[in-house]
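# Topology and contacts: notes
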Amino acid sequence: MKKLITGNEAIAYGALAAGIKVACGYPGTPSTGAIASLLTMDLPNTHVEWSTNEKVAFDLASGVAWAGHRVLCTMKMSGVNVAYDSIISTAYSGCDGGFVIYVADDPGTNAGMCEQDSRGFALMSDMPMLEPASIEEAISLTTYAFELSEAIKGPVFVRLTTPLANGFASVEIPEPAPVSQADALLIHDINRFTKAGAVICMTQHRDLIKRLAHAGELIEQKGLNRLDLGKKKGGLGIVASGVTVQYIEEALAVADKYGIDREKISVLGLRASIPTPKQQLSQLIDFCDKILVLEELEPHIERDVYILARKRGYAGQIIGKIDGTFDRVGEYGTKHVLIGLNKALSLNIPESEYKSDTTAEELAAARPITVCSGCPHRGTYMAINRAIRKLKLKKQDVIVNGDIGCTILGMNPPFNTVWNEISMGASIGLAQGFAYAGVKTPVLATIGDSTFFHGGIPSLINAIQHEANIVLIIMDNEWTAMTGMQINPGTPCDRHEKPYKHVDIARIVPALGVEHFWQINPFDQDHATDVIAEAMQLPGVKVILSRQECAIQAFRKGSKEGKKKIVRVVEENCNLCKLCISVTGCSALVPGEKVMTIDPALCRQCGMCVSVCNRNAMVMEDVK
Amino acid sequence: MNLNIYLVGVGGQGILTIGEILSSAAMEKDLPVFFYPSKGMAQRGGFVKAQLQIGKKNVGPNIIEKGSDIVFAMETSEALKAVRFAKPGGTFLLLANFWAPTDVILGKASYPELDKVIGEIQKSGAKLVLISDKDLPEYEGKKVADNIFMLGAAMKHSVLNKLFDSADIDRIVQNRWKRASASNHFAFQAGMDYQPQLIAGE
Ligand SMILES: Cc1ncc(C[n+]2csc(CCOP(=O)(O)OP(=O)(O)O)c2C)c(N)n1
Ligand code: SF4
Ligand code: SF4
């Protein structure tokens with residue numbers, strides 16, 4: 001059957017075709033779609049879950065693989081940072097069941113966060129990394145990755161980048177393989193499964209290095225990396241990996257117009273970037289006079305080309321990042337191939353074939369992202385801003401440390417509330433640091449519910465133990481929202497059909513021993529402001545749980561139940577001062593000719609504009 | 001026949017839906033499709049773009065500059081971001097909606113004049129088909145879906161009709177939302193019959 005699917009779904013189908021027993025991960029753009037699609041399927045023999053964070057997911061997956069079963073573990077590139085302590089350790093130990101880690105990188109940062117190249121992690125832990133060049137290959141290579149993992153007895157990475165992870169193609173969907181019902185292995189072997197002792201560790205390290213070399217041999221036998229030597233010797237050799245391979249043909253078609261000699265072009269298209277195929281690279285180096293390396297982000301393959309070139313006495317040009325032709329920042333396209341061809345072959349392809357004229361783009365209006373209409377976070381930012389004013393403090397004197405998720409959007413106008421962002425859970429430690437550094441004014445931190453579960457809890461425990469003077473506001477919208485509404489431990493049971501136990505933040509925080517703990521409704525502005533202001537004046541750790549469901553999810557639920565309230569503009573009271581817009585920035589507020597109007601399709605009846613208006617021009621009414 | 005299509009707008013306008021409908025149409029004809037939507041995060045109201053390539057088996061997801069046969073732009077300012085991807089001789093459909101960012105509403109930031117945007121589009125060498133948001137007809141007292149209307153106009157004024165039958169697109173549109181099938185059929189036909197405000201560069 002042919003279907004239009006994303007690369008993320010392709011990973012899921014490829015894993016099902018390998019008969020996975022378990023799939024787990026933590027959401028993160030652009031990797032989210034893999035587990036998300038598995039969760040919508042009826043898979044009686046496969047356990048699928050969103051775990052609390054990537055390390056938890058990875059540890060769970062190691063257990064499955066050590067017990068001899070097949071497991072898929074997924075994460076975005078930032079997640080590899082979180083899981084890495086375990087990843088390298090499991091790589092040392094190896095595994096019996098097929099273990100595939102799917103990681104999605106984001107060159108060009110479509111989704112924010114560091115533009116890191118996860119291949120670096122695979123290199124550091126001597127793990128093979130496969131890089132499909134198309135959505136079709138994402139299926140077949142994922143299935144193969146399980147075979148490879150079992151053959152070398154170690155975990156294997158599969159890496160996609162954003163365009164393949166989130167892009168759609170029409171491809172043939174494979175049949176799922178039956179899930180093994182074999183008994184779980186219980187191998188009691190401390191030499192393999194512990195790290196206690198130098199001998200144990202160094203033996204494991206040697207085994208690990210051998211496993212990667214073995215993977216290289218198997219990948220070569222399988223013919224994953226394709227070398228097409230030109231008809232004539234002494235031309236240009238192009239090395240590319242993953243999706244970048246797809247831009248070569250298009251660029252060559254352009255170069256045809258400028259007299260390129262196709263017989264002098266050789267191409268090595270990699271589907272396994274780690275280990276780099278030394279054999280094929282050597283062949284290419286020996287055959288060609290010039291080498292062009294096309295790889296996004298870090299020049300990993302290129303470095304190996306330099307090493308091999310040196311070993312083989314190659315004196316020709318190597319075009320890539322190290323000679324300064326390409327940047328280590330951003331994603332590649334046909335343009336990059338053309339620039340490389342031009343440089344290597346002096347083709348005189350005019351710049352106009354590939355150079356951007358961005359004059360039109362520069363005229364476009366800036367459109368900073370902000371929270372949705374009706375978003376509960378809006379109420380929390382407004383209450384923080386009001387509390388600062390209430391205490392007669394200046395905004396530039398009160399630092400609000402931010403965290404990952406929709407909760408960071410308070411950094412933008414009109415709120416300008418949140419100051420910074422590091423990584424999941426970091427806001428709490430940051431706040432503690434600012435307090436120790438001697439900041440005299442109250443130090444605040446904000447964090448979302450999923451982020452609190454992911455990485456915030458250890459930091460809160462630290463702040464409690466050391467009695468740090470901080471105010472923590474947990475912005476609990478009951479979902480992992482920014483990544484597209486995933487369930488987390490705090491999502492109430494009546495909001496999904498899964499048999500999960502609810503873990504309530506309102507019970508965790510007092511149980512940790514926090515004495516100053518409040519719960520607020522961010523839409524109750526007066527109470528929320530009072531509580532935040534009070535907390536800002538007390539010593540020690542203060543925690544405020546600001547709870548209200550994400551507006552998108554609440555609307556989905558509400559639209560089933562029918563609207564109960566409506567917000568109306570009292571026209572005779574409105575003088576179009578636009579105060580409501582300048583404080584809330586809500587997109588449902590649209591200035592009319594003489595008075596403000598409300599877009600009924602966008603208004604979620606949160607009442608924030610009502611609370612802001614000082615002319616009683618906005619009223620919330622019951623629907624009769 | 002290969003077709004490269006570039007779509008831009010603001011989240012919530014239904015710009016991705018146009019790409020999805022055309023992807024389904026291509027799949028029905030067993031043509032290779034690569035559809036790459038890039039929307040930001042969960043929030044509505046941010047810049048959204050999508051790239052659709054039909055007819056080529058192995059393609060890079062990003063369309064080369066000056067490489068789009070058809071551009072659909074559903075927001076006036078955001079249209080500027082597609083200009084460099086329009087192919088000289090291709091078709092650039094602009095639905096002149098204005099979704100002003102908050103700072104523009106408050107008079108703190110500027111928003112490009114429509115004439116300026118039109119001028120930039122014309123410089124690309126593509127044929128401009130300008131659709132005024134005021135021209136959208138009503139069906140049973142409600143404005144029709146602007147994206148479906150625009151798709152109808154594209155069927156009439158671009159090379160889309162060389163690849164697809166309007167009857168097929170109309171059927172896919174109707175089947176997609178059963179409850180709105182009559183109004184969407186109407187929107188699509190009205191788009192086909194629409195006399196654009198401006199067709200420039202032919
Ligand atoms: C280590 C790591 N994993 C995953 C992500 C992706 N990510 C970005 S925002 C977000 C959701 C945060 O959810 P929550 O804290 O509940 O805030 P919300 O978006 O719901 O307001 C996730 C998982 C990330 N940035 N870093
Ligand atoms: S997705 Fe939910 S939490 Fe995120 S901005 Fe929108 S309403 Fe707020
Ligand atoms: S218009 Fe007012 S009540 Fe409606 S969503 Fe916006 S701020 Fe809330």
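A count of helical and extended segments in chain B gives eight helices and nine strands. Taking the principal axes of its C-alpha atoms as reference, chain B extends roughly 50 × 40 × 40 Å. Counting all 202 residues of chain B, 59% fall into the buried class. If you take every contact in chain B between residues at least 6 apart in sequence, the share linking residues at least 24 apart comes to 65%.

Another point: the pattern of salt bridges. Tallied over the entire structure, the rule returns 41 salt bridges over all chains. Across the pair Glu621 of chain A and Arg568 of chain A runs a salt bridge, and its minimum N-O distance is 3.0 Å. Highlighted residues: Glu621 of chain A in strand β23 (residues 618-622) and Arg568 of chain A in strand β20 (residues 565-569), separated in sequence by 53 residues. Taking relative accessible area as the criterion, Arg568 of chain A reaches 40% and is therefore assigned partly exposed. In this structure, Arg171 of chain B engages Asp168 of chain B in a salt bridge whose closest nitrogen and oxygen atoms are separated by 3.1 Å. Taken together, the residues span about one helical turn, with Arg171 of chain B and Asp168 of chain B both in helix α7 (residues 166-176) at a distance of three residues. Among the charged side chains, a network of salt bridges with common partners joins Asp105, Asp117, Arg119, Glu131, Arg159 and Glu295 of chain A.

All names here are of chain A. Per the domain assignment, the segments making up chain A are domain 1 (2-222), domain 2 (226-359), domain 3 (376-555) and domain 4 (563-622). Relative placement of domain 3 and domain 4: their C-alpha centres are 27 Å apart. Contacts between the two partners involve 10 residues from domain 3, matched on the other side by 11 residues from domain 4. Interface area for domain 3 against domain 4, summed over the two sides, is near 830 Å², with a carbon-plus-sulfur share of 71%. At the junction of domain 3 and domain 4, the tally comes to zero salt bridges. At the junction of domain 3 and domain 4, the tally comes to one residue pair in polar contact (both at pLDDT 80 or more).

Definitions and cut-offs
Sequence positions are assigned chain by chain, starting from 1 and proceeding in written order. Lettering of chains starts at A and numbering of ligands starts at 1, both following the order in which they are written. Note on the predicted model: pLDDT of at least 70 is required for a residue's local features to be given, and 80 or more for side-chain atom pairs to be given and counted; whole-chain, interface and lining totals, by contrast, use all residues. Note: side-chain values were computed over all heavy atoms of the structure, leaving out hydrogens and water. For the purposes of this entry, the term helix denotes a DSSP run of H or I that reaches at least four residues, the term strand denotes a run of E that reaches at least two, and both are numbered from the N terminus. Only protein chains enter the accessibility calculation, which uses a 1.4 Å probe; a residue whose area is less than 20% of its type maximum is buried, one above 50% is exposed, and one in between is partly exposed. We call two residues in contact when some of their heavy atoms are within 4.5 Å. In the sections that follow, a salt bridge refers to a side-chain nitrogen of Lys or Arg positioned within 4 Å of a carboxyl oxygen of Asp or Glu. Where each domain begins and ends follows an automated or database-derived domain assignment. Take the accessible area each of two parts loses on contact, using a 1.4 Å probe, and add the two losses: that sum is the buried area. Pairs of N or O atoms are called polar contacts if they sit within 3.5 Å, as long as, within protein, a hydrogen donor faces a hydrogen acceptor (for residues adjacent in sequence, only side-chain-to-side-chain pairs).

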